[in-house]
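Observations on the model geometry
What follows is each chain in one-letter form.
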Amino acid sequence: MQFETESFPKSIDNSRLGQLMREVLYALVPGTLLMIWFFGWGVISNLFLAILFSLSLEAIMLKLRKRPLRPFLTDYSAVITGWLLALSIPAFAPWWLILIGSFFAIVIAKQLYGGLGYNPFNPAMVGYVVLLVSFPVEMVNWFAPVNNSMASIGFTDMLQLVFTGMPDTPEWDAMTMATPLDTLKIGLGLDKPLAELTQGKSFGVLAGAGWEWISLGYLCGGLWMIYRKIISWHIPLTLLATLALISAIFWGYDASTHSSPLFHLLAGGTMLGAFFIATDPVSASTTPWGKIFYAAGIAFFIYLIRVWGSGYPDGVGFAVLIMNMAVPLIDYYTRPKVFGEARE
Amino acid sequence: MSQASYRKITQEGLWNNNPGLVQLLGLCPLMAVTTNVVNGLGLGLATILTLVASSTTISFARHFITPEIRLPVFVLIIAAVVTAIELLMHAFFFELYHILGIFIPLIVTNCIIIGRAEAFAAKHTPPKAFWDALMMGTGFALVLLILGGMREVLANGTLFDHAHLMFGESARGLAIHLFEDDKGFLLAALPPGAFIGLGLLLAIKNWIDAQQVQRRKAGKTATTATLPVTSVSTE
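Residues numbered from 1 in each chain as written. Chains lettered and ligands numbered in written order. Predicted model: local features only at pLDDT ≥ 70, side-chain atom pairs only at ≥ 80, totals over all residues. Heavy atoms only, no water.

Comments concerning helix α3 (residues 37-60) of chain B
Note the cut-off: Secondary structure is summarised from DSSP: a helix means a run of H or I of at least four residues, a strand means a run of E of at least two, and numbering begins at the N terminus for each. Given a helix with a known number of residues, its expected span is that number minus one, times 1.5 Å. Each residue is placed in one exposure class: buried if its accessible area under a 1.4 Å probe, protein chains only, is under 20% of its type's maximum, exposed if it is over 50%, and partly exposed if it falls in between.
For α3(B), which comprises 24 residues, the first-to-last C-alpha distance of 34 Å matches the rise-based estimate of 34 Å (1.5 Å per residue) to within 8%. Of all 24 residues making up α3(B), 19 are buried, and the element is well covered by its neighbours.

Focus: the environment of A:Ile44
Along the chain, A:Ile44 falls in helix α2 (residues 41-64). When its relative accessible area of 29% is taken as the criterion, A:Ile44 is described as partly exposed.

Describing the state of the cysteines
Put simply, the rule reads: Note on terminology: pairs of cysteine sulfur atoms within 2.5 Å are recorded as disulfides.
Per the counting criterion, the structure on display carries zero disulfides over all chains. Free of any disulfide, B:Cys28 has its nearest cysteine sulfur in B:Cys111, 9.4 Å distant.

A look at the domain arrangement of chain A
Residues and elements named next belong to chain A. Under the convention used in this document: For the purposes of this description, domain bounds are those given by an automatic or database domain assignment. Throughout, a residue-residue contact means that at least one pair of heavy atoms, one from each residue, lies within 4.5 Å. The term buried area denotes the loss of accessible surface (1.4 Å probe radius) that occurs when two parts are joined, taken as the sum for both partners. Salt bridges are defined as contacts in which a side-chain nitrogen from Lys or Arg sits within 4 Å of a carboxyl oxygen from Asp or Glu.
Taken domain by domain, chain A consists of domain 1 (40-176) and domain 2 (178-334). Computed from C-alpha atoms alone, the centre-to-centre distance between domain 1 and domain 2 is 22 Å. Listed as interface residues are 19 residues of domain 1 and, on the opposing side, 18 residues of domain 2. Carbon and sulfur atoms make up 75% of the surface buried where domain 1 meets domain 2, a total of about 1,600 Å² over both sides. When the buried area of domain 1 at its contact with domain 2 is split by residue, Phe121, Asn122 and Met125 rank highest and sum to 28% of it. If you look at where domain 1 meets domain 2, you find zero salt bridges. Going through the elements one at a time, α4 (77-88) and α6 (123-134) are the ones with two or more residues in the side of domain 1 that touches domain 2. Element by element, the count of residues in the side of domain 1 that touches domain 2 is highest for α6, at seven residues.

With respect to α2(A)
Under the 1.5 Å per step criterion, the end-to-end length of α2(A) is 34 Å for 24 residues, consistent within 8% with the ideal 34 Å. Downstream of α2(A) by a residue or two, A:Lys66 has a phi angle that is positive, lying close to 55°.

Describing the pattern of salt bridges
All names here are of chain A. Counted according to the given criterion, the structure contains six salt bridges over all chains. Residue lysine 110 pairs with glutamate 58 through a salt bridge whose shortest N-O separation is 3.0 Å. Residue lysine 110 is located in helix α5 (residues 95-111), and its partner glutamate 58 is located in helix α2; the two are separated by 52 residues in the primary sequence. Each member of the pair, lysine 110 together with glutamate 58, is buried. A salt bridge links arginine 306 to aspartate 314; its shortest N-O distance comes to 2.7 Å.

Brief notes about the interface of chain A and chain B
What counts here: Ten residues, namely Ala, Val, Leu, Ile, Met, Phe, Trp, Tyr, Cys and Pro, are considered nonpolar, four, namely Asp, Glu, Lys and Arg, are considered charged, and the remaining ones, Gly among them, are considered polar.
Contacts between the two partners involve ten residues from chain A, matched on the other side by eight residues from chain B. Buried surface at the junction of chain A and chain B, both sides included, amounts to about 690 Å², of which 83% is carbon and sulfur. If you look at where chain A meets chain B, you find zero salt bridges. Counting only elements with at least two residues in the side of chain A that touches chain B, the list comes to α5 and α6 of chain A. Sorting elements by how many residues they give to the side of chain A that touches chain B places α5(A) first, with four residues. Taken together, the residues that form the side of chain A that touches chain B break down as eight nonpolar, one polar and one charged.

Details of the packing of aromatic side chains
To be explicit about the condition: Only Phe, Tyr and Trp rings are paired, with Trp represented by its six-membered ring, and only when their centres lie within 6.5 Å; those with planes under 30 degrees apart are stacked, over 60 edge-to-face, the remainder tilted. By definition, being over a ring means that NZ of Lys or CZ of Arg is both within 6 Å of the ring centre and within 35 degrees of the ring normal.
What the rule picks out here adds up to 19 aromatic pairs over all chains. When the ring of A:Trp41 is compared with that of A:Phe155, the centres are 5.1 Å apart and the planes differ by 70°; the resulting orientation is edge-to-face. Placement of the pair is A:Trp41 in helix α2 and A:Phe155 in helix α9 (residues 155-164), with a sequence separation of 114 residues. Take A:Trp41: its relative accessible area is 23%, and that puts it in the partly exposed class. Seen in terms of ring centroids, A:Phe250 and A:Trp308 are 5.4 Å apart; in terms of plane orientation they differ by 70°. Their pairing is edge-to-face. Of the two residues, A:Phe250 sits in helix α14 (residues 234-253) while A:Trp308 sits in helix α17 (residues 288-308), which places them 58 residues apart along the sequence. In this structure A:Phe250 comes out as partly exposed when scored by relative accessible area, which is 26%. In this structure A:Trp308 comes out as partly exposed when scored by relative accessible area, which is 49%. Linked through ring pairs, A:Trp96, A:Phe103, A:Phe104, A:Phe135 and B:Phe185 together constitute an aromatic cluster. Over the ring of B:Tyr6 we find B:Lys128, and its NZ or CZ is 5.4 Å from the ring centre.

Structure follows, in structure tokens:
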């Protein structure tokens, strides 16, 4: 059975596409700035390398596929992929990690499937998940979020971390910290009470220390995109509402072992995923009802993987890829009726 | 059906109609065991042996097998051969036998073997059936070997590790360690690595074929088609 796949960006011309993508980048700025505030130079090195590698690999693949370079490089799609990948991986990631991530995102997930508009999976999430599965040690090396962290780990430290890796000394080790979701996963696995875990230093006022503000930054950018009509409300709202609903049910059932809906909304990659990753027009569902099923499915899998998934504290990347696979089926069953078509 | 020449049979088995890359048969063991070269080689050799023994036997018996009952007879012959090979491996390559596990008895269900029995051995003389089985088996084993090599290098940074399981203690030195770090690319050893790796091999094969077609076209227009058209493979 052959499903028709809708692809969004083919239908609009290139300058309009570039403008849309540029506005997505503007919307990423508040969250990114907050992330730089808490994680410092490492976020800048991630962004620089990921965007550099993504653009270079995109150019090489376009050359190999004998496609024109200019329109495809200036539509900002590779920049967004690199940018999202950079925000998903730990700050100060070594250069080769970013290179492999960008390779799988741009070459395998995007260009080998036919380039922009034809990729069934979100490229940035393919890159992220490949890294998560392949390099678990590097991918959990998160530094503790500290205020104005650019002052505490300097530019030269960044160069050392990125190009030679982290020295195996206690001073550096002390600067890394389990993320809030990690803490919960390990702690609850050991039957520790939730109330005790959330007193730990990785937790802040609303959710995870540092992370809560970064998430709110993404939320602001996301709301601005909805206001500017760059994305529709269907996916982010359904995703956040479903996640809140599921977590509220379990929280109401037993608040001593299940975190609050607020925590789930502001932890890990929920906000980034809801507004910037799940809404990717190419790999997401295209019909209004389809978007709602798609987003609800993502929320369901995020909760499932976060709470019961073995080994992985967050599930946004996996959830998005699983639902990407279901998109042709969802679109098939939710196609809007053509005007004048008879009711069956 | 015309009797194929040995040259043609060789080309078909190794390249044009390669079981792993063109017919896409036997993908289950192909992906499951190729986490390193030695596993790939072990299963590849077992498959060649099975294929050669069953195809030749079936070719000898082809005049006695009536079409109505041919499939049960093929299955019986193949099953007998696989059982013998399993017992042999159990006796002489015990550790490799354990690593390959269920995939040795599962050679019975490998579509390549019944496929060659039905499509070739039942219609050709024993020498040709033998050669076809050997070439098809070698083609399959080469894919196993290359995929196993790719995945072993990426995931562990080694080649021919555990070679002693197959060739005895003296082969321990065959193992090549390309990088000592435990920074291997874990995905390559996992199932997605097999799918991506095979996908890349298929792409490379098709790309080479496309290049050849283009070159032939270019050559043909240059010599204004004075050369006879080379035989086009018929499936």
